[in-house]
Each structure stands twice: as structure tokens, then as C-alpha cells.
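# Fold and contact review
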Amino acid sequence: MGQENGTKGNTGDFVFPTTSSSSKPLNSKPRRKRKHSSDDGGAKIIVALLAGAGAAFLLALIMLMSRLEADEVNNGLLNSNVGGARGVDDQIYLEEVAAGRASPALMKNSKERMRDRANRLVESIGKMEGVYDRKLKKFDKMFNLPKGNPLDVLVHGADKQLDGMKAALEGKGDMPGHADLRQDFKDAIGRDNAKEKRRKEKRAKKERANIESADLTLDGEKPPHLYPLFPPMPPGTMAEELFGKEIITDTLQHDKPTIAGVIAVLQRFLQNLHQMLIDNKNAKTPDEVIEKYFALVMKYLEPLEEAYRDRSIFPIREDGSIFMSLGAYRDHLLGETLRQAFKTAAYPDKLYVGAVVQNCFGIDVQCRTGVEVKGKDKNGHPITEISDRGPDVNGIEQFCTDPDYAKYCERGQIRALYVNETESNGPTTARYFASKLWGGETYFLQADAHLRFAKEWDRLYAEEVQLAKNYPKAILSAYPPGFSEEDPPYKGGSQGTRLCTCAFSDSNVEHRILRINTGGMCRGEEEAPSQIAYIAAGFFFARAEFLIDVPFDPYLPWCFMGEEIALSLRAWTHGWDIYAPRKNLIAHQYRPGRMGLPKFWENTGRVFGRPGPGFNTLLQTITIQRIKYMVGYASSTREALEGLNYQIVLTEFEHYSPGDERTMTQFLEHTNIDLQSEKCGHIDWCNKCTLP
């Protein structure tokens, strides 16, 4: 869901502790394990198929290549030690002259002799390659093996050898060395086994963590990791100065995490980011900025990621509590959004907020407005202007100094991370920070910071998600209806939107990224929510185990588009199903450019001394490749990224990649996306509400 101010918007092995809710218990019935493509059954089928014509063809190919190479080495055309063409043995060539296949005159010119020999070899290899290509296409169609599968490595390795030999003989490179396809096959099997072992270890680790969480009892006391309480005000408060360095070492090294410790880690990163941006204000290329940013993430954030990878940093409380993640970029409605959320909640004492407040505080820079429309010229075109302005209003201060709501701040239910506008680099980073402020609450809700709420929205969303067929691995998501600030109090109740369509963006700055949108509506008489295809980044509601399976990615700075398709495919391939709530319970202020609100890309231009969105677009050109690689764009393969020198975007990618409960191929079929033609087809089950 696009917001113009920069903050837009099957069943697998999963064990949860029981809940006292009236809905079906989380561990009421064991779930059958899903078979993975690497299980013995699938392997036996492939081996059985290959035992026929496919195996015979591969064996013949390997023998033919080996024979061809041996013959040419013996004849002197190939040198197995140094590679490349090195001439033809005279005696062999005399025999060919006698057989009428060569002219005696060529004996006087070794280059012509070698060229004649090479041409005939190229012709022979070309014929063999044509036959092989037809067999290869048939093989790919029959088995549809994922890239990296041992059999895929064997078959395409042979094809690569043929291409290399032909190119060398045509003078386009060196002759490839001897290919040991048998050893390549063994090595590929070893890598595949190691990958499967890591998957099993990851699942076992997750199950152990769930069991430990289930066994934890707090006897009605507040969890110790919530203490010491880090105050949400004033903005300049530093957790490390307040509680000492041990708050960080306990969190990172001693398996004693606290909210205050996590905030201290994030603040340390932001301090160093601030200095890096100053030092690189005049950076010549976006590449060097990305490289230094990723280095900071590796140094300051990766230790936190690694310490709690594949497990919950805090035990999940089964008390029905809700954590609301808010990324607020210079948002004048943050304070009112917090008031409305607590005022309308059925259980305000169980509502916790993690707000990332990205403000211009007017400390070391002059605050500026967004692009404001001041009128029209004589041709009717808008006259725009960016002006100086005072520091932004602090929505946390507005809320915490309100006598009706101050108690929630004093109890630690408001957790705030302040980010100088100069360090703000888009919604993906803000949502990563906000997710780290989660403190063990039962549910996780991600939303924008300009919302209104219907009465008892918290209770109704919790009940709605529990009705989903795939609960507890169920996600509610929608594009909420809009509102204007002069509207009366929001009552909710309208039919929820369904995210059933997508399109490849034709914007020059969005690089053909997939954008999602709404589709058909249900009749409104359904007894439970039904599935949809996509997640809206501006609103989704799920159990907190979502954060274990789909941790937010810290390697997507300056990236505005693409987070929704990335969230959708990662969640679905990890076994989560996505549902549309039957009724809307929140409303969202949509913000077109004419409102003149500040944008984070304008700030990026000022930080790097290049006013306007241009430099942010260059930075996004690089980072968005991480998402395109994840989705599977043909233009963003690993080889293509290496060719562009963009391979840095794959840093730690395996930890924020699609899951292994379902495949990417299944996701593309599920959503009817054709990556080859870059088209999104009609999703019948989504538009007709037929998938429970």
C-alpha cells in the first residue's frame, strides 16, 4: 500500500502452547509433516526415470566428450597441460592428405592447417550440440529440477563444456580444462545434503525454542526482559549511557536479552551511521555508499541477528497481548493515532507499541517542508516550493504528556526509537527497527502511523485471525479504507478489501518491481475469513511466531517499493496463509503528493548534497535487486548481479529468503505470476473467495 510520505503501506511443522481462547487450541491436533523435494520418495522417482533413456543419453554424452578430448590431445590439437590450440602433428596431417581430406599445400602453412582442422571440429561439435540441446530441453521439461540439484548440475555442466570447447575452437577463448563430471556430480550431492542438514537443524532449533517458550511460567509477574524500563522520552536518551555497556553484552553474548539492550544496540548502529553519512556526503557513486552501509549492518546489527536466529528473542506470552509496530516518518498524526488505538481498544492494558520516530529535530540541520503546491502558473501548471520550517512535532511526547494516557508510557507499553531524519532511509529499515521493539507479545500488528480505529478493534482482530483455517499460521491483511482529518470518529464495519491482483511497475524508478492491488469482493455472508494472495505492508495482523519465520531484513536501505511482494512470498513459502479480514476495523490516511508532506527520498538528496530524489533512486537501483533476485527475475540472477558488480546485495541473503515449506514455483502458480512475460494473471480463487 503506497504512502507518499515514505512509510507505505500449508501447514508445516509448527507447535504452539495451548491458549485459553474459545477458538480451536493451538496444539489440539498434530500436523502431518510436509514432504520436501529432497526426501527419499522424490529422489527414488527421479532415479527410476533417469535409469531409462535419460541415463543412457547422459552416459553416452560423457563418453563422447571424453573420447573427443582424448583423440584431440593425441592428435596434438589440444594440449591438456596448458589448454588451447597448439598445432597438428605432421604425421597425422599427412594421413589426412592421403585420404583426400586435406590439401598438401596446407603443409606449408601451419596456421591454415590448424584453422582447417578447427573448422571441421567446430562443425562436428555444432552438430552434436544441436542434438544435445534438444535432449536438454526435453530433460528440463520432464524433470523441472531446481537450480543446484545434483542432476541439474551434471546435465548443464556437460552443456557448458560443449559451449566452451566450441567457443575456443572459434578463437573466442581458451579451451576448457578436463571436466570430471562424475566428481562434479558427487560434489553437488554433497552440497545438497549439507543444505538439507541445515534445514533440519533449523526446524529442530525452532521446535526446541517453542517447547522452551511453552514451559516458561511467569506466575503472573511481568517478564524480566521488560526491565529495566527504557523511557520513551526525551528523544536524546541513550540506553547505554543510562544502564551501562553490560546491557549490550548481556543481550548479545550472555543470552540475557532485554528491550533496553536491543534499543542500545540499535542506537549504537545509528550513531555510527550518522558519522558514515557525514564522511561520505560527497560520495562519487551509490555503490560505495551501499558498501559502507552494509559494513555497518554487519558490524553492529548482525551480532544481534545471529544471537537469536531461528528462535524467539523473548518467550511469547499467551495472554492475548498485541504489539503494534509503527514506522513514523515526520508524521504529525502519530500522537493522535496512539490516542485512538488505546481509547478504542477493548484491552488497552494488553496493547504495546514499538514506534520508530523519524523526525527532524532541528539540531544540526535546517528542517524543510516537502514539495508544497503554492498555486498555478499562467498555463495551469502547479507552482511548487520547499520551505524552511521548525522541528517536527513529537507524537510520543503528545501522547505521554496527555493525562489520560501517560500511565501507558510509565508502564513500558510505549517503546520508542528515535531516528534523526538524516539517518532515515525508507520504510523497510524503519519496519526492521520497529520489529526489534517487540517484547514477547502474543500478536504482532504492523501498520502505519496515521490511522483511526473502530471500537474494540483489538479483540475483533484476534477473534478473526483465530477463525482462519490455517491458524495459528494465519495472517490478516488488507488495504484499509481512507479518512480525512475532518471526518467524524471512525466506526468501522465496511467489507474488507482483498489483495488479489498485481502488476509489473512501468515506472522508471521502480525497475519493473511487482506492485500488488485489490481484486474482487466476497458476498459478505462468510462464516470465516478466506485466503488472499498478498500482504499489505501498511496493515497485517498475525501471531508473533511470524517474526521467527519471516524476520525483517536489515539489508534493504533506500528501498521504497517491493517490500509487499517480498513479505508475501516469504510468508507463504514458510507455510503461512494470508487472509482478508471480513470487516474493516481501522482506517488509513492516504497521502497524495499534493499534500506537500516531506518524503524520505528528499532527505536523502540533502544528505548527499544532491537535492531531489535522484540519488535515492540510484541507491534503490542497487538494493531493489535483492528483492528481484528473491522473486526470480531473469534480469537479476546471481550471474547478472555479478556482471553489474551488484553482488553485495546478496549479503546474508539466505537468512531472509523464501522458506522451505512451499517452493517459489508453487508461489508463482498460486498467484498466477508469469516472470518470463512479466504479467500477472487473474487469480480466480482469490477474487471469488473460494479458498478457506
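I will try to describe carefully the structure that is included in this document. Predicted, not measured: the structure shown is a model, and the values here were computed from it.

Conventions and cut-offs
- Residues numbered from 1 in each chain as written.
- Predicted model: local features only at pLDDT ≥ 70, side-chain atom pairs only at ≥ 80, totals over all residues.
- Heavy atoms only, no water.
- Buried < 20%, exposed > 50% of the residue type's maximum accessible area, 1.4 Å probe, protein only.
- Helix = DSSP H or I, 4+ residues; strand = E, 2+ residues; numbered from the N terminus.
- Pairing = 2+ DSSP bridges.
- Polar contact = N/O pair within 3.5 Å; in protein donor to acceptor, adjacent residues only side chain to side chain.
- Contact = heavy atoms within 4.5 Å.
- Disulfide = S-S within 2.5 Å.

### Here we look at the pairing of strand β8 (residues 474-477)
Along β8, one buried face is formed by A474 and L476 and the opposite face, lined by I475 and S477, is buried too. Of the pairings in the sheet, the one linking β8 to strand β12 (residues 577-579) comprises three bridges and is parallel in character. From the neighbouring strand, I475 faces β12, where its bridge partner is I578. Sheet analysis places β8 next to strand β11 (residues 539-543), joined by three bridges and oriented antiparallel. Paired with I475 across the bridge in β11 is A542.

### Section: the side chain of T337
Looking at where T337 falls in the secondary structure, it is placed in helix α10 (residues 334-344). Side-chain polar atoms of T337 contact the backbone oxygen of A449, separated by 2.9 Å. Excluding anything up to four places from it in sequence, T337 contacts A449, H450, L451 and F453.

### Here we look at the state of the cysteines
Scanning all chains against the criterion turns up five disulfides. A disulfide bridge connects C400 with C409, and the sulfur atoms are separated by 2.0 Å. In this structure the cystine formed by C400 and C409 twists about its S-S bond by roughly -85°; its chirality is therefore left-handed. C400 gets classed as buried once you look at its relative accessible area, which sits at 11%. Shown here is the disulfide that connects C500 with C686, its sulfur atoms set 2.0 Å apart. Judged by the sign of its S-S torsion, about -75°, the bond between C500 and C686 is left-handed. With C500 in the loop between β8 and β9 (501-504) and C686 in helix α21 (residues 684-687), the pair connects residues that are 186 residues apart, well separated along the chain.

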